[in-house]
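What the coordinates show
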Amino acid sequence: MKIKLNLFEILVFGVTELVFFSLILALMGVFYKALIIFILVMEGVVLIYLLKKKIIIIEKMKKFDFMVLIFLIIVSLTYTLSVEPTIYGGRDEGSFTASGVLLAKNHGLVHSDNLITQFGSIYQNGKALNFPGFYYHTGDSIKSQFLPGFFTWIGVNYSIFSFSGLRLINFLPLIIFGFSFYLVLKNLTQNKIYSLLGLLILLTFPVIFILFKFSLSEIFFASFLWFSIYLLIKYFKNKSYINYFLAVYSLILLPFIRIEAVIIIPLVFLLFLIFDFANFRNKKYYYLFLIPIAAIIISIFTSPNFFIDTFKGVLEVENNTEQSDDALLGEEGFSFIPDDWEDFYLPKVLLNYGVLPLLIIFIIEILARLKRLLQNFKISKNNFFQHLNKISKKDKLKLVPFIVLGLTFYYIIDPNISNDHPWMLRRFAFSVIPASLVYSLIFFKNIKLRNILGFIFFSGIMAYNIYLIIPFWNFSQNQGLYEDFQKLSSRFDQDDLVLVSQQSSASQWSLLSEPLRIFEGLEAVYFFNPNDLKKLDLQDFDKVYLLAQKKELDLYQEIVDKKASGYNLDYKIVKPLKSPFAKPQIQQISMEGNIYLIKK
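My aim in this report is to walk through the structure given alongside it, one point at a time. (Residues numbered from 1 in each chain as written. Predicted model: local features only at pLDDT ≥ 70, side-chain atom pairs only at ≥ 80, totals over all residues. Heavy atoms only, no water.)

Ordered by their spatial adjacency, three strands build an open sheet running 3-5-4, and the pairing between neighbours is antiparallel. At either end of the open sheet lies a strand with only one pairing partner, and these are strand 3 (110-111) and strand 4 (134-138). Of the pairings in the sheet, the one linking strand 4 to strand 5 (residues 141-144) comprises four bridges and is antiparallel in character. Its bridge partner lying in strand 5, Tyr135 is registered against Lys143. (Pairing = 2+ DSSP bridges. Helix = DSSP H or I, 4+ residues; strand = E, 2+ residues; numbered from the N terminus.)

Here it is, written out as structure tokens:
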């Protein structure tokens, strides 16, 4: 058996294997740098062996495709130069980083120390609110509330490159995502210029550009998802079993990265059932599909709290039609059914970010394509598959992204996330935006005057994208905070206990407790309930401090002894916006905080 792969495919499968085996190490509690390097070395040895035995044959890439890949590497490197690691707690990006770094330091998914044990004895189980992004695993340990795939990748980067590795988290994923997207377009439009145009628009979308600077899972998930879609299209073009094997195998990591995989993988199963029923009846086809199904089951068993809480959150939002304004604007999620539709909040945001025009054209193109598909089509047991077999290969290929991603468009109705933008649009980054762009390009390629209309339309989208991202070109979240944070951390000793309030940095999304504990090795914790102090054993600590603003003192007045000193923080963040037509903005935060001594 000979496998033809180009350099890009070899790269992606190498990354897949690295993450897959590193994930196994994490699940087994033996996540060590030496073993990760061993995996990399063995990948190289196996690849050389397979090339020498001509089991893998390197397929030469077309010159234009290779130049696009080089261009993508340069773009991703350029984006990386302005990345500052998101190490602060309070929102998902900080919690992902904390999970990955703790994995690298503690070699497993479960973590314990003196503070975790003490707070665990108070709260017992559920979300570890003092350690954002974690659950109490047992009374004396915590475990990340997220699926382990993405923060395993963070752990790999941190293990190999130390702190600098946290800047590289989205470097390879953007290359894989972008080039896979380009190859999908190239296969569906048969036009390399349209494909390059689509890639340029994707790279300049504010959602993608800004998300790149965060430690969030969307770009990482998109990289494997769109590579899988590319391989599915490649399989349906020639129906080679080896391409089927590679397409199915490429799904293996998805259930460990994002919950959408639980829906996407069954849709891929449906895709094979509809368009390849003749082959899929063969045992070697449907037995192989047990691999991604098994991945879903393993993911559920290894992260049960994540799945339980996610489904609870969806059900609560769907059943609650009388939410308060606070609930609608809160972190847990919001629904457009029925209240938010009255103000058309999401369509306004999508218009503001240049997504709505693409979405409208996507709907037109898909409806027209489905109409043609269903014309004179009588659904019955006798002619159902016969009719499907008559569908041209060209039409089948163009339906692949829609069938795989179709149910993820549910987020247009209910994103189930805080509605401050651009944060909320991360739900659209891996499916809705790129899929809408794909079908918009297909639409304009198939109509008269496509060159003129397409040029005007897509040039307008790209120009608008560039207009939105220019202020963020050299910006990264929490820009400037790290230098002030290091000065602040040097004022505490290893035997001190540092209690950190919600507003100690003037932003509840930039909690200082996580980097103080994880990177500086201090006994630091997010502290919001003064009554907990009475339940803690303070004998092991030399001094106890509270970081807080003066305006928070009413909450902590009973436990504060005196002010010890002050500190200053001066940094920039992406401003959370509620007004749907507000353009993405950079917010400068300059604040004075206080360090208080606590009565022991």
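Now that the structure has been shown, the text picks up again.
Time to look at the sheet that holds strand 10 (residues 586-598). Reading across from one edge, 7-6-8-10-9 is the order of the five strands in this open sheet, with mixed pairing throughout. Two strands lie at the open edges of the sheet, namely strand 7 (523-526) and strand 9 (560-574), each paired on one side alone. Across this sheet, the average inter-strand angle for adjacent strands is 20°, counted without regard to direction. Bridge count for strand 8 (residues 544-548) against strand 10 is four bridges, and the pairing is antiparallel. Note on strand 10: the bridge partner recorded for Leu546 is Tyr596. Against the sheet, helix 5 (residues 114-123) contacts strand 6 (497-500) and strand 7, and its axis sits at roughly 40° relative to strand 7. Across the sheet, helix 24 (residues 481-489) lies against strand 8, strand 9 and strand 10, angled at about 160° from strand 9, the strand it touches most. (Axes fitted to C-alpha atoms, helices over the stretch in contact; angles between N-to-C directions. Contact = heavy atoms within 4.5 Å.)

Turning to the packing of aromatic side chains, a few remarks are in order. Applying the stated rule across the entire model yields 52 aromatic pairs. Between Phe8 and Phe179 the ring centres are 4.7 Å apart and the planes differ by 70°, which places this aromatic pair in the edge-to-face class. Residue Phe8 is found in helix 1 (residues 7-28), and its partner Phe179 is found in helix 7 (residues 171-189); the two are separated by 171 residues along the sequence. Considered together, Phe8 and Phe179 belong to a single accessibility category, that of buried residues. Their ring planes at 85° and their centres at 5.5 Å tell us that Phe163 and Phe519 sit as a pair that is edge-to-face. Placement of Phe163 in the loop between helix 6 (148-161) and helix 7 and of Phe519 in the loop between helix 25 (513-518) and strand 7 is noted, with a sequence separation of 356 residues between them. By relative accessible area, which is 19% here, Phe519 ends up buried. Its end group placed over the ring of Trp509, Arg91 keeps NZ or CZ at 4.3 Å from the ring centre. (Phe/Tyr/Trp six-rings, centres within 6.5 Å; stacked < 30°, edge-to-face > 60°. Buried < 20%, exposed > 50% of the residue type's maximum accessible area, 1.4 Å probe, protein only. Lys NZ or Arg CZ within 6 Å of the ring centre and 35° of its normal.)

Counting 199 residues, the largest nonpolar core has Phe131, Leu225, Trp226, Phe272, Val404 and Leu547 as its most contacted members. For this core, the element with the most residues is helix 10 (residues 218-238), which contributes 15 residues. Ignoring anything within four residues of it in the chain, the contact list for Phe272 reads Leu232, Tyr235, Phe236, Tyr244, Val248, Phe277, Phe280 and Phe289. (Core = buried A, V, L, I, M, F, W, Y, C linked by side-chain atoms within 4.5 Å.)

Here we take up a positive patch on the surface. On the surface, Lys62, Lys192, Lys237 and Lys393 cluster together to form a positively charged patch. Looking at where Lys237 falls in the secondary structure, it is placed in helix 10. When its relative accessible area of 33% is taken as the criterion, Lys237 is described as partly exposed. (Patch = residues over 30% accessible without salt bridge, like charges linked within 9 Å, V, L, I, M, F, W, Y side chains within 5 Å. Areas by Shrake-Rupley, 256 points an atom, 1.4 Å probe, with all protein chains shown as cover. Salt bridge = Lys/Arg side-chain N within 4 Å of Asp/Glu carboxyl O. Lys, Arg positive; Asp, Glu negative; His and termini not counted. Charge placed at Lys NZ, Arg CZ, Asp CG, Glu CD.)

With that settled, the discussion passes to the packing of helix 7 against helix 22 (residues 432-445). Contact pair helix 7 / helix 22: the axes reach a minimum separation of 11 Å and the direction vectors enclose 30°. Judged by the inter-axis angle, helix 7 sits roughly parallel to helix 22. The two elements helix 7 and helix 22 cross, and the hand of that crossing is right-handed. In this structure, helix 7 uses Phe177, Phe181, Leu185, Leu188 and Thr189 to contact helix 22, whose residues at the interface are Pro434, Leu437, Val438, Leu441, Ile442 and Lys445. The residue inventory of the contact of helix 7 with helix 22, partitioned by class, reads nine nonpolar, one polar and one charged. (Parallel < 35°, antiparallel > 145°, perpendicular 65-115°, else oblique. Left-handed = near helix turned anticlockwise from the far one by under 90°. Nonpolar A, V, L, I, M, F, W, Y, C, P; charged D, E, K, R; others polar.)

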